[in-house]
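# Inside the fold
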Amino acid sequence: MSDAVICPKCSSEFTYEQDNLMVCSQCFHEWDPKEAGSEDQILDINGNELQNGDSVIVMKDLPVKGAPKPVKAGTKVKNIRLRPNSDHNIDCKIDGFGAMALKSEFVKKA
């Protein structure tokens, strides 16, 4: 079984094909194996693909643990770095806050 397809959600090797989709027998995740290569894409709030070095705009006030004030909506963040396998998948530096990690669903491409 060297050609086993690994589930992208739970990493199980117990998968099977059904109606042109792959299905995991452990977590029941369904995916199209033709689109499996696009899992590392990081998309903004509007569905635009983000790249390293892009500038983004924060779309809502984000509270920062340990800071007296939140990151305000409309704050522009330059030169982002992407971390595809992380919950907070954008690393950046914000003036007045320093280095932090953001979730891509709260930013839009500038």
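Residues numbered from 1 in each chain as written. Predicted model: local features only at pLDDT ≥ 70, side-chain atom pairs only at ≥ 80, totals over all residues. Heavy atoms only, no water.

### A few points about the domain arrangement of the protein
This is how the line gets drawn: Residue ranges assigned to each domain were obtained from an automatic or database domain assignment.
Split by domain assignment, the protein resolves into domain 1 (1-37) and domain 2 (55-109). Placing a centre on the C-alpha atoms of domain 1 and another on those of domain 2 gives a separation of 33 Å.

### Topic: unusual backbone geometry
The following threshold applies: Here a strand is any run of E in DSSP of at least two residues, a helix any run of H or I of at least four, and the numbering for each starts at the N terminus. Classification of residues uses two cut-offs on accessible area relative to the type maximum, computed with a 1.4 Å probe and protein chains only: under 20% is buried, over 50% is exposed, and between them is partly exposed.
Here the phi dihedral of Asp19 falls at roughly 50°; this positive angle occurs in a residue that is not glycine. Counting through the fold element by element, Asp19 comes out in the loop between strand S1 (15-18) and strand S2 (21-24). Judged by relative accessible area, Asp19 falls into the exposed class, the value being 68%.

### Side note on the pairing of S1
Operational definition: Following DSSP output, two strands are said to pair if at least two bridges run between them.
Both S1 and S2 contribute to a ladder of four bridges, which runs antiparallel. Directly across from Glu17, in S2, lies its bridge partner Met22. Remark: two residues form the turn of the hairpin made by S1 and S2, two consecutive strands paired antiparallel; Asp19 in that turn has positive phi of roughly 50°.

### Quick look at the sheet that holds S1
If you walk across this open sheet you meet the three strands as S1-S2-S3, and the pairing is antiparallel. Among the strands making up the open sheet, the edge pair consists of S1 and strand S3 (30-31). Relative to S3, S2 runs antiparallel, the two sharing two bridges. Bridging from a neighbouring strand, Met22 pairs with Trp31 of S3.

### Focus: the UniProt feature "domain: Protein YjdM N-terminal" (unreviewed entry) in the protein
The condition that has to hold: UniProt positions are given in the numbering used here, feature names are shortened, and annotations may be inferred rather than shown by experiment.
Within this numbering scheme, the UniProt entry marks residues 7-32 as carrying the feature "domain: Protein YjdM N-terminal" (unreviewed entry). The distance from the first to the last C-alpha atom of residues 7-32 is 11 Å, and the span holds 0% helix and 38% strand.

### Quick word on the pattern of salt bridges
Defined as follows: We define a salt bridge as a side-chain nitrogen of Lys or Arg found within 4 Å of a carboxyl oxygen belonging to Asp or Glu.
This model, assessed by the stated rule, comprises three salt bridges. Among the salt bridges present, the one from Asp54 reaches Lys109, with a minimum N-O distance of 3.5 Å. With a gap of 55 residues between them, Asp54 in the loop between S3 and strand S4 (56-58) and Lys109 in strand S9 (residues 107-109) connect regions that are remote in the sequence. Between Lys103 and Asp87 there is a salt bridge, with its nearest N and O atoms 3.6 Å apart. Placement of the pair is Lys103 in the loop between strand S8 (98-102) and S9 and Asp87 in the loop between strand S6 (81-82) and strand S7 (90-94), with a sequence separation of 16 residues. The partly exposed category is assigned to Lys103, whose relative accessible area is 23%. A relative accessible area of 54% means that Asp87 is categorised as exposed.

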